[in-house]
Every structure is written in C-alpha cells, then in structure tokens.
Amino acid sequence: MESLLGPAFLTALFAGTLAAAVPLLLAGLGEQVSEKAGVLNIGIEGMMLLGAYTGFVAAWSTGSLWLGFLFGMLGGLAVALPMLILCVWLGLNQIVIGIALTLGVEGLTALLHHVQFSRSYPRLPRVETLPIPGLSEIPVIGPALFDRHPLVYLAVLCVPLLAWVFRRSVVGLNLQAAGDKPAALDAAGVSVTATRAGAVLFTGAMAGLGGAYLSTIGAGIFVPFMTGGAGFIAIVLAMLARGRPLWVLLAALLFGACLSLTTALQVGGVRVPTDIVQMLPFAAVMLLLVAFGRRAALPAALGHPYVRGQR
Amino acid sequence: MSGEAQQGAQPDAAERLTSPARVPSGGGDLARRLAQALLPIVLALVVGALLLALLGRDPLAFYGDIVRRGLLSPLGLQESITRSAPLLLLGAGLIVAFRSGLWNLGVDGQFLLAAVFAAAMAPPLAAALPVWLALLLTLAAAFAIGALWSALPALLKAGYGINEIVTTLMMSFLGVSLANVLVKLPFNDPATTVPQTATLAAADRLPRLFGTTVNLGIVIALVAILAVHWLMTRTAFGLKLRVVGANPRAAVHAGLPVARLTLAAFGLSAGLAGLAGGVEILGVWGNMRADWNPGYGLLVIPLVFLARFHGVAVIGFVFFFAVLSIGGETAARRADLPNYFNLFLVGLILVFMALTEWLGQRWQQRRET
Amino acid sequence: MMSQQPEAPPPLVALEGVTKRFPGVVANDRISLSIRAGEVQALLGENGAGKSTLISLLAGMQQPDEGRILVEGRPVRLGSPREALRLGIGTVYQHSTLVPSLTVLENLILGAPWWRRLDRAGTRARLAEITAKLGVSLPENAVLGRLSLGEQQLVEIVKALWLGERLLILDEATSMLTPKGVEDLRAVVGRLREAGIAVLFITHKLSEALAFGDSISVLKAGRLVGGLSVAELRALGEQEALDCIVDMMFGTRGEQPAAEAARRLGEAGPTILEVEGLSVAAGPMEPQVREVGFQLHAGEILGIAGVDGNGQKQLAEALAGQRAATAGTIRLEGRPIQAAGVPARQRAGLRYVTDDRLGEGTIGAFPVSLNLLLKRIGTPPFWRGGVEQPEEIDRHARALIERHDVRTPGPATPIGRLSGGNIQKALLGRELDDRPKVVVYNKPTYGLDLSNIRLARAAIREQAAQGVATVLISTDLDEILELSDRIGVMLRGRLVGVVANDAEARRRIGELMIGSGAQA
C-alpha cells in the first residue's frame, strides 16, 4: 500500500487520464457543436470507430501518424455524410439512422479487420512525444502532462478555440440560433440546413480524429469495437457541459481518470476489479445529478432542440 | 395558407419524434406495403452482395444459407423463434417508453442486471421449490430488478424534469459493469474455472414446447407484446401515457398525474426489459458468463421506430432480424467470414428501411394533395 | 403667370394589379395601393383576407403571379427577403423572429456572412443611428429574452430597418403590448413619419386603424374593397370614418360588433363561486397571484381585464386546478374545492377554456373525438373498466361536432389539421359539455377571425343566459366591455378593483390598469 499515491502511481494516473481523456474530449467537443445547433448525433459512436479504423490503417501503411489523423477525420466524415443527407437534409429519424450507422460501422470495421489483420495484429510503434521545455521537467506531473504527442496539446487548445468561436464569431451565433430558434435564423436569411450540416460535419471530423488517436496513440492497435461506448459517453459529456467547452474538458478528464485508474492502481500495487473502477465515472455523474438536480436545471427541454430534426 | 390555420406553438419534440398516436396511413393496398417492406431488404442485399463479391465470397450461397438455416431448417427456425423472445420483450418495453414520450435507453443495463439476479436465484429456488414456482418467482424478480434499476432516472425525471437520455445511458453503463462484478464475485460459481454463475439444470429451465427446442419464453414474449399493444391503444391507462408522451402540458391541463404516470411508464418499460433478461437466462443459457452482453437493446430500438410502435409490426420486424441473426451465423461460418458481416448487413437494412419508409410517406402525401 | 405645381414625387412603394394565387384560392386579387414617404397607411382586414400573402410579397418571400411592385417609381423584383431588405422594405411580424438567448447586439448581427468576426463596433454605430431616428434607446448587451415585449419589438423594428429605411411593415404590432406600450409605439411611428419613412400598419382592429393611420385601406377576400385617403380621413369625424370603414368591411352599416352592449341588469342569481385570499407562488419569470377574492353569481359574467402578464393565466390555472394555490379558498356552491384536482373540479362543473389551444388545450396528433374527452379519460360510458368504447366516443364526438358546427372531415381527423376557429369551437364544445356550472375563459377569441369571434361571444352570452357563472379573462377591452356584468382588473397579481359595467367603466378600468406607475 505504500506505493499508493507514490510517484509511480501518480504519473501513471495522470498520464493515463490524459490518454483516455483525449478521444472523449475531441468527440465531446464535436458533439457539443452539433447539440448546440440542435442535432443529436446518435451516430457518433460509428464516427469514432470508423475514424479509429481508417486512422490506424493509414498510419500503419504510410508510417505517418499525421496522415493517420487525417484519414481518421475522413473516416468520421464518411459517417457524418449519410447522417447529414438523411437526417438533416431529408429529415429521416435521427435515432434510427444513427444506430443503423453505428451498427453498420461496427460490422464493417470488424469485418475488414478480420480480413486484414486477424492473423498479424500489427502494432504501431510507440509515438514520438513533444516535451514542452521547462514544464516537462516538473516531477511526477511533468512527463505525464507536458511530454506528450502534439495532438494532445492541440486537442486541449481546441477548448479555448471553440469557446472563442461560440462567443465571438458569427458561426457561433448561427449555431446557437439554429439550436434555440431556427425560425429566427431562417428569417435572418441564413440556411438552417447548411448551418446544421456544417455542425454535423465538424462533429464527424472531431469524432473521427478522436477515434484515430485512440487507435494510433492510445492503444497503438485497432481492435474491433474498440471505442466501447466512448461515442455515447461523448453525447452525455456534451449534454452535461451545457454549451461550455471547458466543462467538456473537465468531464473528459474525470472520465479519463476513472478509466485509467485500474492501470494506475496496478502500478501502485493495488488490484481492483476493472468493472468496479469503470463504474466510477457514471456513478459520479449520477451522484452529481441527484445532489444538484434541483438547481442544476438540466432542462427536460434538453431533448427538444436536439431532436428537432426539422425546423 | 390562410391565416386561419393556426401554426401555434411548435409541436412538442416528443410528439414530433415519437408521434405515438399518429393516424395509421391505412389505405395503402397490401401490394404496396409488401413492396415497401421488401424493397429496402433487396437494396441492402445488393450492396451486401457487392461487398461479399469483393471479399471473394459467393453472395447467393451466403444469402441462401441465411434463409435455409434461419427459416427453412426446422432446427434453425426454432432457434430463430427462440432468439425472438428476448427481443420481443425488449420491444414491448420500448413501446411503452417511447409512446409515453420517454427515452428509456437503459434497456441493456436493465436486461443484464435482471439476468444476473435470475441466474443467481434460480438454482437455489429450483432446489427448494417446485420448478414452476421457482421459475415464476425468478421471472417476477427479473421484472422487479429491471423496474428498480430505472427508479433513479424515473424519479429524477418525474421530480426534477432531468433529461432521461443522460440518466438512463449512465445507468445502463453502470448496470452492465455491476452485472459483471456480480457474476465475477458474489454470484460466481466456484466449481467452474470460467467466471460464471451456478448453472441451472436443464430440467429446471423454462419448459420446451411440443418437443421442439423452443422454450416457453416465446409465449411469454408474444403475450407481452400483444398485451402492451392493447394496453397502449385500447385502454384509458395507455391513453393517459400517450397523452403525457404527446404533449406533457396538455397532460397537466387535462389533470393527469404526470409524475405518477412517468414512474409507472418507466417501471413497466424497464420491468419488461428485465423480464427479457430473465427469459433469456431461464430459457436458453441456464447461467450467466462474465462479460456477456448480447447488446440486444441497440438493435431493437430502431426496429421499434420502424414499426411505428405498433405491436404486431414489431413482431414482424423482430422475427425477420432473428432469422437474419441465426441464419447469418451459419452463413458466415460456411463462408469463412466472421459474424461481423451480419452486423454490417443489419445496419445497411436499417438505413434502407428508414429511407423507404420516408419515401413511402412522401409518396402518400403527394397522393393526398 | 401662375407657376405650375411641381409634380409630386412618386409614391415610395406601390403595388399595381398584384395578384397571387394558390391551389384553390386567389389570395391577392389585382391589388393596387401606394404609400408615400412619411405616410402611415393602415391596412385593415380579417384573418383570411389576404394580409399575410400581401406581406409575404412585399417582404420578398414570394413573387406575384401578375402585376408589379414599384419602389420610388421603378419596378422591382423582390426575389428574396434579402433583396427586399436591401431596398429598404422591412417587416416586423406578429411572432418574434429573434433569438431570445442572444443579446440585442448579437441578434442584430445575425445574418452576417459566417466567416466574419463579430463586428460589434460597426453594429453599435448603426444601432445608434437608427435608435436616434426612432427617438429611443436600447440596452445593447442585454439578453433579448429578458427585455420587455415592447423593447423586444423595438429591436425587431431596428432589425427591419437595418439595411435600408424606406418602408416599415408592422403586422399586428400591438397584440402583445400594454396600453403604455401602444402609446410608445405610436410615438415611434410618429418619429418614423417625421424621418420620411413610410409605414404600412396591418391590423384587424378598427380602432387601431383609426388611431395609427393617416390613411386606411380595407382588404376583404383578397381584394382591396375600399379605403380612405389621407385627405378623406382628415375630413371625416371619427364616428363617420368608423361607419364608412364598417360599411366597406361588412357591407352593412350599423352591424357593428361593438354595438350589442346591452347588458341585462336582472337580479343576480345565487352565489355559485366564492374565492377568498387566493394566492399562487410565482415560478421563474412568472407573476404570482396575491390574495385574489371575488364572488360570482349564476348567470353573471365577470370580466377580468389587465395587461398580459399580471397573473391572469396563473389565476385561471389556479381556479381550474391545474396549478396549486399556496393560500386561500375556493368554494363551488358552498363546498370548498381548492384541494381538488382538475378531474374533480371538472366533474363538479368548473371548466376552463385555455388560451393556449395547441400548446395545452388539445393534442394535435390525436383525433377530434379523443380531444373532446381529454379531461374525462377513463370515465364511463366512454371507458368501461378502463377499456375504450369506440362507438360511445364516436357518438359523443359527432353530437358535439354537430352542435357546435365544428368543420372537420370526421371525428377521427387529427385535430391539428383543423383551422384555428374550428379548434376553438371544439374546445368550447368540450368545456361546455355536460352541464357546466362555472366556466373560466382565457382570451377566448384570440387569433380568430371576426365571424368566429362573434360566434364565440354569442356562445359565452348564451351560456351565461342559461345560468352559467362566467369568468372572462381577456386583453381585449372591447370584448370585456361588450360581455361583462362586472369588470375586475388584474395588476401585479392582485385584483385591484371590480367595477360595474356602466358608462364610466372604460375610463375607470384604464385608471386601474395603469395603477401606480407604468407597466413594463
């Protein structure tokens, strides 16, 4: 027990937290944009998974991680496109299409993996990290937080960037209008469909990128169904964050910490069943909702703008 | 177009999305509706055939295997019917929820938790009581566990209006993990090397029907889904739930006890999901292994939507997908493909079904004007 | 040598022979009208007369099938809303087209190209320019939803004039305003006039047309059937002008809706409803109700006047049982019912006709037959043992449909497909069914056209004549004065005075409504 809270445990915890948080952060921010515009992207799990696959394949065959990220984003977009055409433009049921796409992608990627990699199970080499001078020297948290692959830093930078877009750009206004009162946006001469389409595409790209991170850096390998519900968690994160990108980051870190706790505990010499640890973040969220339910005012109308597929 | 036709307040999202009391588009002749049902399947099969060809497999042989195994072979047909049982019960539960305007996305968690308790309770009960009583009590417990697992989201929604998409999803993840913990620790059968619960003897499971491998579960499921359909469309209670689902403000205006109805709807919905778990354990497996999660919930949700919450239509859709699952397992094995291909096919069919349904509606509208 | 009069400049905006057709109806039939700079033209017409189509043509939403539109003498094609705005034709609609969660400034920026940053400085400058002309000031960083309705409307006006200021179209602009708000709007319209901006003031209320307009045009069944030019209107006295207009609108003189004001002064029946000290807690952004008390006799109509938002709706809901009272008693025929829920009060004969027909009064997707029994789900003979009895429900529906002349293809039609007037008839039918004793009406004629308004008012009078005790809540003073025996005024949650409906009533109500100080 002496090693608990020792440096090894803490480093493993912080490092693992960030690694687990990045995909959730990227997907969560993407989903937040969609939800702001009034689209509930149930298919985000599929976007992440396809991004994980295409990202991995691209990185493995070209040897370039950045190409992997690019193809990860393209993978996410490939799922966002049918979502856009069928749901935003034509107005089909978002739930049916979202789940259908997710199932389809799960099947497709698992199938392709079986055909290509089931015998070889290739792994990507460990990634080059980019240490931030000075900060990475700090004991314990330095190497964990400030000696990571550049994508991690970029992901975190997305938070202030998105916050700026939401509050200080015309795009942000359009998104908010599309979600709160599309009739007003239409009256102002801006296409609601185009705005929502843009939002969905952005979500696809971000989710795909998150998936690509998961397969190329996080795990270094693609395994069928590897996202394991991360997309759905991203939906919940975005709902809880209520329009503030910073809260997506905090929530992603919370989940990341819980998810990485098992490994960290093992390093610290404590063995706790994975399942119990995996329950922690969800239990934490439920507790928060119960405690602050009355005042949190997560409005029941939260479902409303998001499933408002038509104007 | 005249100013008289009131647009008024925007239709409630629940009303618009779930449209529980939508007047059925009756009228359509049988031929058209059959075509509408078959067209998406054909389209999806064509796309699937392309993929199969790309992978170097024979599409016709593959599809032929599905039909032969899932539908035509007596054993396969029985398996398809057996597979339909938990899906139908889940469907029944989802009908209740969606028609009441509630997003019960926690069905997988409710299913698994009820299953693990059923698996743990059944062997000792069967040893102490007559089999039928043990089964009855276990199934009742399964229902109760499922209902209980939805209590927290139900209370938060009824009391504070907290969005149930978030809460039921959370509870589902929690339920899945908790069920695993229970299998691995307190309910674990020390006699086996693999973590699982004590196995219920075959003689003590749900009885088989008429010398087939189909167990009583299918009867329970059919009764449940037809009963739910009748409840929602023909009774005052069902109408009250539908009112809450269509327009909660109108429900308040009409003096309905919205909070109580919400709790009741959740309880019934989640209870049926729990019952599905119980039926699956008591009818098919006899025990529960660790890390077992067939994920039926995710599949049934779109089916219920496509069936427009109509009980009989759900039976049709569920059976079709059960045949696809069972037949697909064999077809995949014989084509030396993993079962994942069928998952892809399912997704494809769902997309085409949604598209065809939408096209059919547009065509119908155009005919009306 | 007498110098010639200089040619008058062409009208700012003119329509020549404009026609617009839709399947089955000619919405606008060869309409020609013109508006000059600095003129306020009132356009009178009922719902269904073609006003909305005309507005959509001028606003660039649609194009005319025949005829043309001229701006300053030049024919133009208003191909899109943006083109209309650029030509200086702005429209303020009845229902807000702004986003409540954005600030005033942000709402004004909405519509800018998406790749730009927010140009706050430029927006602020333009805002200052326009508000100076209007003679008002607006808090630019305030969230729109938190402003008063009058201020929100000002923002809409500013937005309408943003790209150009030739013609401002105001569609039923006063429907949500307090009397003070209406006064403020008149001042703004006056400033617009001074600035040389033309105003097209759309309304269905004659009194408003006279109050606001320099000239009046009357639209009826898609045609412009007449009007009074600036000169003509100035020449006539108010009553004469009124007669003239009424003649144009209805073809008969003297058939004035406001004329049947003869109130019976018969003895009051027995006291049916007694309310004492009724208080309701305030929700977020909602007014409370404070210690309201009154007595109501059988056959009596108590009008409750007051500006929207002073607690009338909350009072109605508390009387109906939809909202819990925090204090006070309600006695129906002597028995206390303040603890009873809606179904119990319904059975006891206390009914509530809500103003929110589609939001809470009915369920649009449900058939008419079920909507007619919405407050009686589960009661026999329509449900036996909890099971639906379709023939009984159908029979009941058909009877009500016939009795109240609800135009519907059938009892199974989803009620949302009916026109507003027919939905209201169905609602009235529902609440007045099965021996009502007390009926609370909240804005029963809101949004209806004139014929349906008259039908509704007749129904209210008829019920009262049969002994129903009536509470009539309305923001339409004419309606209150026409129907009520006594009139009370709600101000900030209190019933601040109840007066008899006599010659002095209008003045005294006005005073009570203003109360101590201006109302937002």
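What counts as what
- Residues numbered from 1 in each chain as written.
- Chains lettered and ligands numbered in written order.
- Predicted model: local features only at pLDDT ≥ 70, side-chain atom pairs only at ≥ 80, totals over all residues.
- Contact = placed C-beta atoms within 7 Å.
- Helix = DSSP H or I, 4+ residues; strand = E, 2+ residues; numbered from the N terminus.
- Nonpolar A, V, L, I, M, F, W, Y, C, P; charged D, E, K, R; others polar.
- Buried ≥ 20, exposed ≤ 12 C-beta atoms within 10 Å, placed from the backbone.
- Axes fitted to C-alpha atoms, helices over the stretch in contact; angles between N-to-C directions.
- Parallel < 35°, antiparallel > 145°, perpendicular 65-115°, else oblique.
- Left-handed = near helix turned anticlockwise from the far one by under 90°.
- Core = buried A, V, L, I, M, F, W, Y, C linked by C-beta atoms within 7 Å.

(A) Focus on the interface of chain B and chain A. Each side of the interface is counted separately: chain B has 42 residues, and chain A has 46 residues. Elements supplying a minimum of two residues to the side of chain B that touches chain A: α1 (13–18), α7 (151–160), α8 (164–184), α13 (296–306) and α15 (340–368) of chain B. Considering each element in turn, the side of chain B that touches chain A owes the most residues, 13 residues, to α15 of chain B. Partitioned by chemical class, the residues of the side of chain B that touches chain A number 34 nonpolar, 7 polar and 1 charged.

(B) Molecular detail of the environment of Val 218 of chain C. With respect to the secondary-structure elements, Val 218 of chain C resides in strand β9 (residues 215–220). Among the residues examined, Val 218 of chain C registers 23 C-beta atoms within 10 Å and is labelled buried.

(C) A look at the environment of Ile 480 of chain C. Residue and element names in this part refer to chain C. Structurally, the position occupied by Ile 480 is in helix α17 (residues 477–483). Ile 480 sits 176 residues away from Ile 304 along the chain, and the two C-alpha atoms are 7.5 Å apart. Setting aside residues no more than four positions away along its own chain, Ile 480 makes contact with Gly 303, Ala 305, Leu 472, Ser 474 and Ile 487.

(D) Looking closely at the packing of helix α5 (residues 107–128) of chain B against helix α12 (residues 258–285) of chain B. Residues and elements named next belong to chain B. In the contact formed by α5 and α12, the axes pass within 7 Å of each other and the chain directions differ by 45°. Taken as axis vectors, α5 and α12 run oblique relative to one another. In the crossing of α5 with α12, the sense of the turn from one axis to the other is right-handed. Residues Val 107, Gln 110, Phe 111, Leu 112, Ala 114, Ala 115, Ala 118, Ala 119 and Ala 122 of α5 form the contact with α12, whose participating residues are Ala 270, Ala 273, Gly 274, Ala 276, Gly 277, Gly 278, Glu 280, Ile 281 and Leu 282. Looking at the contact of α5 with α12 residue by residue, the class counts come to 13 nonpolar, 4 polar and 1 charged.

(E) Quick peek at the nonpolar core. Formed by 381 residues in total, the largest nonpolar core has its most connected members in Leu 237 of chain A together with Leu 89, Val 116 and Ala 118 of chain B. Other than its neighbours up to four places away in sequence, Ala 118 of chain B contacts Thr 138, Ala 141, Ala 142, Gly 277, Gly 278, Ile 281 and Leu 282 of chain B.

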